[in-house]
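The primary structure of each chain is shown beneath.
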Amino acid sequence: MVLNPVISKLAGKLVVLASASPRRQEILSNAGLRFELVPSWFKETLDKGLFKAPHEYAVETAKQKALEVARRMPFKHLKTPDIVIGADTIVTVDGMILEKPVDKQDAYRMLSSLSGKEHSVFTGVAIILCHEKENDEVDYQLVHFYEETKVKFADLSEDMLWEYINSGEPMDKAGGYGIQALGGMLVEYVHGDFLNVVGFPLNHFCKQLDMIYNRLELESGSVHNNGTHLILTQPSPNLPALSKHSSSSGPRPKSPSASQTNGTQSSPSDSPIHKVKRKDTESEVGESSWTLVNSLSKHTDDAETELRDSENTKLPPTTSRGHMIGHNLTEPEDSGPKKEELQRIIELMDGFKASKALFTASEMCVFDLLQSQPGLDAAQVAQEIKASEKGTECLLEACVSLGLLKSKERKYQRPVYKNTDLAKRFLRSDAPFSLHGYIQHCNNTVWPLFSHLESAVREGSNQHEKAFGKKSKDVFQDTFYNSQEIKLRFMNAMHSIAKVTGKAIATAFDLSRFKTACDLGGCTGAMAYEFTKAHPGLSVTVFDLPAVVEMSEHFHPLHTDNRVSFVAGDFFKDELPKADLYILARILHDWPDEKVHILLNKIADASTPGCAVLIAETMLDGQTAYSTLQSLNMLAQTEGLERTESQYADLLNKHGFGDTCVIHTKNFLDAVIAVKM
Ligand SMILES: Cc1cn([C@H]2C[C@H](O)[C@@H](COP(=O)(O)OP(=O)(O)OP(=O)(O)O)O2)c(=O)[nH]c1=O
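All of the points below concern the structure found in this document. None of the values given here were measured: they were computed from a predicted structure.

Right, let's talk about the overall build of the protein for a bit. Per the secondary structure count, the protein includes 25 helices and 20 strands. For the protein, the accessible area works out to roughly 29900 Å², and carbon and sulfur atoms hold 53% of it.

Written out as C-alpha cells, the structure reads:
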C-alpha cells in the first residue's frame, strides 16, 4: 500500500484503540486501520495545575488512558495487545483548558468564551507498544506526541449559541463544539490539521508510526518536527529483535530529521522521565518522556508499573536498517512463527470453544450453583449438576482460565471453585444484569445458525431451514414464536439485553419534552421500564405481537410502574398507538430496507411535527469486532443487517425525520434520535 505503508504494516497486529470517541474510531477505520475497541476507564481528573503547558496535560491524559487499557487487557480480556492507542483532545483559550461540558450552562460558558476569538485545540496521543515475554510478563514502550491546531470562531449571538447548545451536539465534545458537524458553522478559519480538532491527528500519527517501524537513519532521543514535539521512546533492551542487534557495534547513523530542525535533542540520561506508579493518579509528570518500560506480571492484579532506570535503557546500536520493534520487520530471514502471532490466530480459532464452554456452564447452571454454594470441588459440582466428574473438572478449569471462575488450591485436596465478579454480575440467572437468558438464546439458536455461516454467506440469507428444519417466511412468527418454549427463551434473551442496555439508551438524550412513547417490538417491557424510570413525566406503551404480549405477564412483577402499558398488534399491519416518541430498540436490524421503509412510513403517518424516533442499534461505524460479527449474526438469523449511522439517518430522512443526533453509549447499543420536521 503506497498511500499508507505504516497502517498496512499493522495489519497482523492486535491494535487496540483505548477510546470511546466515535470520531477517533471513524478517523482510524477510514484510514484502513483494523483495531479492537477497548474504551479506557481512566477518569480524566488529573490536576491541571501540575502542568506547565496545556499540551502536557493532554499528553499525560492520553498516556493514562492508554496505559489503563494496556494494563487491564491481560487480566480482564486475557490477551495482550501489540499496540494500544490513547488520545485526549482539549481546547485552550485565555489560559483555560476546556474539556467536555458537564451541562448546558457549562457549554454556554465555554462557547461564549470562544466567541469571536482564536483558540487552540490540542490532541495528545499515546502509543503503547506491548511486548509479551516468555515468562508471561509484559514490557511496555511508550511513544507520545501532540498536535496543535488554531481555530477562530465568528462572533456568536445569544440565539445562535442557545440553538447550538439545544441541538445536543456540544455535550460530548471538548470545548463544547464539533467542527465536523453543526459546529463547523461557527468557525471562521482553521490553521493546522482539521482531524486534530475532530479528535485525532492522523497525519502526525502516521509519521510517528513510520518513525517507529521504518526508523531509518534516525537517532535516538526526542526530535522536534514541524514545531511539534515528537518524542520517541527508546527500545527496550530485552526485546528479542533488539537484543539481536545489540551485539552489533556499528556507529549510529545521524538523524537528518533531527539536524534539520532547531529543536534540542535529549539523551536518555538528561531527559526527564515520566514515572507511572500503580495508581493512575500517582503519575509524576516531567517535561518529556524518554522511555517507559515496565514489566507487569500477568498474574498479579496489584502489579506495579515500574520505571526502568534510564541508564539501563541504552539504545542498542542499530544496523543500517535499524528498527525499533518487531523483529518480523527487522530480521533478514524468517525465524519461524512468533508466539504472539500464533496466539492471535489460536485465539480466533478457539473462540468457539470458549463460547461453548461459557454456554455449557451457563446451561448447566454452574454459576448459579457456585453462587449459592461457593467453594465446592469438582466432584461436588458434578454431583449437583448431574454430570461426570471428569467432564465437570475440565469445564470448571476452562471457566477458570476464561476468567469466569476462581479456583483455590488446597494441600492434598482437590481445588475448590467460586464465581469471579464477572460471573456474579452477569452469569448468575438472578443477577440484576444477568445475561443468562441471552446466553441460552446464543447456545440454542445462534449457535446452530452459525454452524451454517458458510451457507448464509453464499446465499445471503438466514439459515433457519438448515439449522432447525423449518422453512420460515417470517422468522419471528414462524420460528421464535412458534413454540412456547422457544418463545419464552427468545423473550428471556431480549429481556436480559434490554435490562443491560436500557438505562444507557433511555438516558442518551434529553427526552424531557416527550410525554408519551411507544416502544415498538418492546417485548417484555424491560426497555420501556428503563425509560419511565429515567423520565418521570413519560408513559410508555409497549407494542408487540399478541403472542408476545400474552406472555409478557410472565415478566410483569418487574413492572411495578403503571406508566408502562401493553398493546398487542403487528407493527407492519396494524394501526400504531399515538405517541410523541417512537422507540425502535434492536428492531430495524431484523429487517431489510424495504420493510424498514414500511415501518418508518407508518411511524411518520402517526407522527406530528416535533415527534421523534429513537433507534437503538449496534452501529457499524467503528468497525469493531462486536458490530461486524453482530452483522453476520443478523445475516444468519434474520432478514436484516446492521447499519451505519448515516444509513439510519438516510432511512429516517426519507420519512421526514431530521435533526439527527447520534450517541455511542459505551454499551452494546448506540442510539440515534431524529425529529419529524
Ligand atoms: C473540538 C472538538 C472535539 N471533538 C471531540 C473529540 C473527542 O471525542 C472529544 C474530546 O474528549 P476526549 O476526552 O478527548 O475523548 P472522549 O471522551 O470522546 O473519548 P475517550 O476519552 O474514550 O478517548 O471531543 C469533536 O468531535 N469535534 C471538535 O470539533
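For the rest of this paragraph, the subject is the packing of aromatic side chains. Counted under the stated rule, the structure contains 9 aromatic pairs. Aromatic side chains Tyr108 and Trp162 sit 5.1 Å apart centroid to centroid with 10° between the ring planes, which places their arrangement in the stacked category. With Tyr108 in helix 4 (residues 104–114) and Trp162 in helix 5 (residues 158–166), the pair connects residues that are 54 residues apart, well separated along the chain. The exposure class assigned to Trp162 is partly exposed, which follows from its relative accessible area of 26%. Here the guanidinium or amino end of Arg72 rests over the ring plane of Trp41, the centre of that ring lying 3.6 Å away. Stacked on the ring of Trp447, the Lys or Arg Lys356 has its end atom at 4.7 Å from the ring centre.

For the pair helix 4 and helix 5, interaxial distance at closest approach is 10 Å and the crossing angle is 135°. By the angle class used here, helix 4 and helix 5 are oblique. For the element pair helix 4 and helix 5, the recorded crossing hand is right-handed. Contacts between helix 4 and helix 5 pair Lys104, Gln105, Ala107, Tyr108, Leu111 and Ser112 from the former with Glu158, Leu161, Trp162, Tyr164, Ile165 and Asn166 from the latter. When the residues that make up the contact of helix 4 with helix 5 are grouped by side-chain class, the tally is 7 nonpolar, 3 polar and 2 charged.

Right, let's talk about the sheet that holds strand 11 (residues 376–377) for a bit. Spatial strand order, 11-13-12: 3 strands in an open sheet with antiparallel pairing. Unpaired on one side and paired on the other, strand 11 and strand 12 (405–410) mark the two borders of the sheet. Pairing of strand 12 with strand 13 (residues 413–419), which is carried by 5 bridges, proceeds in the antiparallel orientation. Within strand 13, the residue paired with Lys408 across the bridge is Val416. Sheet strands touched by helix 14 (residues 389–401): strand 12 and strand 13. Its angle to strand 13, the strand with the most contacts, is close to 55°.

With that out of the way, let us pick up the site of the ligand. Contacts to the ligand come from 21 residues, most closely from Ser19, Ala20, Arg24, Lys65 and Lys100. Within the side chain of Asp88, a nitrogen or oxygen atom sits 3.2 Å from an oxygen atom of the ligand. Take Tyr177: an N or O atom from its main chain is 3.4 Å from an oxygen atom of the ligand. Here the ligand loses 96% of its free accessible area of 600 Å² to cover by the protein chains. Those elements that provide at least two residues to the shell around the ligand are helix 2 (22–30), strand 3 (83–93) and helix 6 (194–198). Considering each element in turn, the shell around the ligand owes the most residues, 3 residues, to strand 3.

If you look at the biggest cluster of nonpolar residues, it comprises 65 residues, and the most contacted ones within it are Leu520, Phe571, Leu584 and Ile603. Discounting residues that sit within four places of it in the chain, Phe571 has contacts with Leu520, Gly521, Phe543, Leu576, Ile587, Trp591, Leu599 and Lys602. Val93, Ala174, Leu202 and Tyr213 belong to the second largest nonpolar core, which has 46 residues in total.

A few words now on unusual backbone geometry. Within the chain, Cys365 stands out as a residue other than glycine whose phi angle is a positive 60°. By secondary structure assignment, the location of Cys365 is in the loop between helix 11 (339–363) and helix 12 (366–372). Positive phi, close to 55°, is recorded for Lys386, a residue that is not glycine. Relative to the helices and strands, Lys386 is located in the loop between helix 13 (378–385) and helix 14. Residue classification places Lys386 among the exposed residues on the basis of a relative accessible area of 76%.

On to the environment of Thr660, then. With respect to the helices, strands and loops of the structure, Thr660 is situated in strand 19 (residues 657–664). Judged by its relative accessible area of 30%, Thr660 is partly exposed. In sequence terms Thr660 and Asp650 are 10 residues apart; their C-alpha atoms lie 9.7 Å from each other. Discounting residues that sit within four places of it in the chain, Thr660 has contacts with Ala649, Val672, Ile673 and Ala674.

There is about 1400 Å³ of room inside the second largest pocket. In terms of lining, the second largest pocket is formed by 43 residues, of which the most central are Ser167, Gly168, Glu169, Thr660 and Cys661. When contributions to the lining of the second largest pocket are tallied by element, the ones reaching two or more residues are helix 2, helix 5, helix 6, helix 25 (645–653), strand 19 and strand 20 (670–676). Examining the composition of the lining of the second largest pocket, we find that 6 residues originate from one element, strand 19, more than from any other. For the lining of the second largest pocket, a count of residues per class yields 22 nonpolar, 9 polar and 12 charged.

Residues of helix 5 that are buried include every one of Leu161, Tyr164 and Ile165, and no others. Burial along helix 5 is one-sided: seen end-on, the buried residues are contained in an arc of 100°. Turned more than 90 degrees from where helix 5 packs its buried face, Asp159 and Glu163 sit exposed. Close packing links the buried residues of helix 5 with helix 4. Positive phi shows up at Gly168, right after helix 5, with a value of about 85°.

We now examine the side chain of Thr80. If you trace the backbone, Thr80 turns up in the loop between helix 3 (54–77) and strand 3. One polar contact links Thr80 to Glu132, side chain to side chain, over a distance of 3.2 Å.

The next thing to look at is the pairing of strand 5 (residues 118–132). Burial within strand 5 is extensive, with 14 of its 15 residues counted as buried. Note that strand 3 and strand 5 share 10 bridges and pair antiparallel. Its bridge partner lying in strand 5, Val84 is registered against Ile128. Pairing between strand 5 and strand 6 (residues 137–153): 15 bridges, direction antiparallel. Along strand 6, the bridge assignment pairs Val125 with Phe145. Linking strand 5 back to strand 6 in an antiparallel pair, the connection comprises 4 residues, with Asp136 at a positive phi of about 75°.

This part covers the environment of Gly95. By the element assignment, Gly95 lies in the loop between strand 3 and strand 4 (96–98). On the basis of relative accessible area, Gly95 is assigned to the exposed category, the value being 85%. Each C-alpha atom, one on Gly95 and one on Ala53, is 9.4 Å from the other, the two residues being 42 residues apart in sequence.

Attention shifts here to the pattern of salt bridges. Using the criterion set out here, one finds 26 salt bridges in the structure. Across the pair Asp88 and Lys65 runs a salt bridge, and its minimum N-O distance is 2.9 Å. With Asp88 in strand 3 and Lys65 in helix 3, this pair connects stretches of sequence that are 23 residues apart. The exposure class assigned to Asp88 is buried, which follows from its relative accessible area of 2%.

Thresholds, definitions, all that
Residues numbered from 1 in each chain as written. Predicted model: local features only at pLDDT ≥ 70, side-chain atom pairs only at ≥ 80, totals over all residues. Heavy atoms only, no water. Helix = DSSP H or I, 4+ residues; strand = E, 2+ residues; numbered from the N terminus. Areas by Shrake-Rupley, 256 points an atom, 1.4 Å probe, with all protein chains shown as cover. Phe/Tyr/Trp six-rings, centres within 6.5 Å; stacked < 30°, edge-to-face > 60°. Buried < 20%, exposed > 50% of the residue type's maximum accessible area, 1.4 Å probe, protein only. Lys NZ or Arg CZ within 6 Å of the ring centre and 35° of its normal. Axes fitted to C-alpha atoms, helices over the stretch in contact; angles between N-to-C directions. Parallel < 35°, antiparallel > 145°, perpendicular 65-115°, else oblique. Left-handed = near helix turned anticlockwise from the far one by under 90°. Contact = heavy atoms within 4.5 Å. Nonpolar A, V, L, I, M, F, W, Y, C, P; charged D, E, K, R; others polar. Pairing = 2+ DSSP bridges. Near = heavy atom within 4 Å. Polar contact = N/O pair within 3.5 Å; in protein donor to acceptor, adjacent residues only side chain to side chain. Core = buried A, V, L, I, M, F, W, Y, C linked by side-chain atoms within 4.5 Å. 1 Å grid on protein atoms, 1.4 Å probe; cavity = no way out; pocket = protein on both sides within 12 Å on 5 of 7 lines; lining within 4 Å. Points joined across faces, edges and corners; volume = space filled by probe spheres on them. Arc of directions from axis to C-beta. Salt bridge = Lys/Arg side-chain N within 4 Å of Asp/Glu carboxyl O.

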